[in-house]
Amino acid sequence: MTNNSQEKRQKILTAFEHRHATKSFDPTKKIPTEDWETILEAARLSPSSFGYEPWSFLLIENSQIKEELKEFAWGAINSLNGASHFIIALARKNVTAESSHVKHMVEDVFGLPFSPDAPQTQMFKQFQVNDFDLNSERSLFDWASKQTYIALANMMTTAALLEIDSCPIEGFNRADVETYLSKKGLLDTNEFGVSYMLGLGYRTKEIPLKKRQSMDEILTVIE
Ligand SMILES: Cc1cc2nc3c(=O)[nH]c(=O)nc-3n(C[C@H](O)[C@H](O)[C@H](O)COP(=O)(O)O)c2cc1C
């Protein structure tokens, strides 16, 4: 049991040490289907506030779109050039107690009756309006966007455990990417905004040593 736990701990830390924001991907290497499906499943199973899953993911396989995105996505060029898989994560806009998305989640996903007056709906409303001050389109988008980053972390960690490399990407002009995607008919900007991009594949080079603050610098223990 102790040895088993030790092995598990070591496996986790090795994966985290191995994970690295990959700057150069080998374009000849493709992620096997089973591994890819596992990475996607890690995103799908990610937790979200009230379970409302305010996300959607575009898997960009089209090479013309990849080429065209480079104009607005300077931080994604390495991934667009060589990553096996390239994702654009979308965050849902205006997820409120009155939204059709919440009704859809409650009725179609949770299998429960939806009512604006139900205690769960009212609790969600009071959380958004009072506790978290989610009272503007921007704050609602940012709240949804924060949650999409949980799926990001889970995808990167799952990939690392499978010895697959990744690069999280915010290096793009959000407005330009959204305009581009909506002109292509790939994004309804009334429903979603772009949250981040993610390249996944295999590194071509070994990685520099990780530099991090010490645990003492980032952890305060309150006794
Ligand atoms: C939210 C976020 C956005 C990032 N955006 C980019 C990006 O646009 N392009 C890039 O090459 N790396 C990007 N990175 C990678 C970081 O620069 C990298 O994670 C950081 O320097 C730590 O290095 P490591 O991930 O290799 O340990 C981003 C990382 C995060 C978490």
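Whatever comes next refers back to the structure up there.
This text gives an overview of the structure that appears in the document.

Rules and cut-offs
- Residues numbered from 1 in each chain as written.
- Predicted model: local features only at pLDDT ≥ 70, side-chain atom pairs only at ≥ 80, totals over all residues.
- Heavy atoms only, no water.
- Helix = DSSP H or I, 4+ residues; strand = E, 2+ residues; numbered from the N terminus.
- Expected span 1.5 Å × (residues − 1).
- Pairing = 2+ DSSP bridges.
- Axes fitted to C-alpha atoms, helices over the stretch in contact; angles between N-to-C directions.
- Contact = heavy atoms within 4.5 Å.
- Buried < 20%, exposed > 50% of the residue type's maximum accessible area, 1.4 Å probe, protein only.
- Lys, Arg positive; Asp, Glu negative; His and termini not counted.
- Salt bridge = Lys/Arg side-chain N within 4 Å of Asp/Glu carboxyl O.
- Near = heavy atom within 4 Å.
- Polar contact = N/O pair within 3.5 Å; in protein donor to acceptor, adjacent residues only side chain to side chain.
- Areas by Shrake-Rupley, 256 points an atom, 1.4 Å probe, with all protein chains shown as cover.
- Nonpolar A, V, L, I, M, F, W, Y, C, P; charged D, E, K, R; others polar.

Spacing of three or four residues puts side chains on the same side of an α-helix, whose turn is 3.6 residues. Compared with an ideal rise of 1.5 Å per residue, which puts 25 residues at 36 Å, helix H7 (residues 137-161) spans 37 Å between its outermost C-alpha atoms and is within 8% of the ideal. Glu163, located one to two residues past H7, shows a positive phi value of around 60 degrees.

The subject of this paragraph is the sheet that holds strand S3 (residues 165-169). Reading across from one edge, S1-S2-S4-S3 is the order of the four strands in this open sheet, with antiparallel pairing throughout. Edge positions in the sheet fall to strand S1 (55-59) and S3, since each of these pairs with one other strand and no more. Ignoring strand direction, the axes of neighbouring strands in this sheet form an average angle of 25 degrees. In this sheet, strand S4 (residues 192-201) lies alongside S3 in antiparallel orientation, the contact comprising five bridges. When the bridges of S4 are listed, Ser166 appears paired with Leu200. In the packing of helix H8 (residues 174-183) onto the sheet, the strands contacted are S1, strand S2 (85-92) and S4, and the crossing angle to S4 comes to about 90 degrees.

Let us now look at the side chain of Arg19. Relative to the helices and strands, Arg19 resides in the loop between helix H1 (2-18) and helix H2 (33-44). One buried charged side chain, Arg19, makes no salt bridge at all; its nearest oppositely charged neighbour is Asp165, positioned 8.3 Å away.

The next point concerns the site of the ligand. Residues in contact with the ligand amount to 13 residues; listed here are only the nearest, Ala21, Lys23, Gly171, Lys210 and Arg212. Between the ligand and the protein, one listed contact pairs a nitrogen atom with a backbone N or O atom of Glu170 at 3.0 Å. Expressed as a share of its isolated accessible area of 630 Å², the protein-covered part of the ligand is 64%. Ranked by residues supplied to the shell around the ligand, first place goes to S3 with three residues. Among the residues making up the shell around the ligand, the classes are represented as five nonpolar, three polar and five charged.

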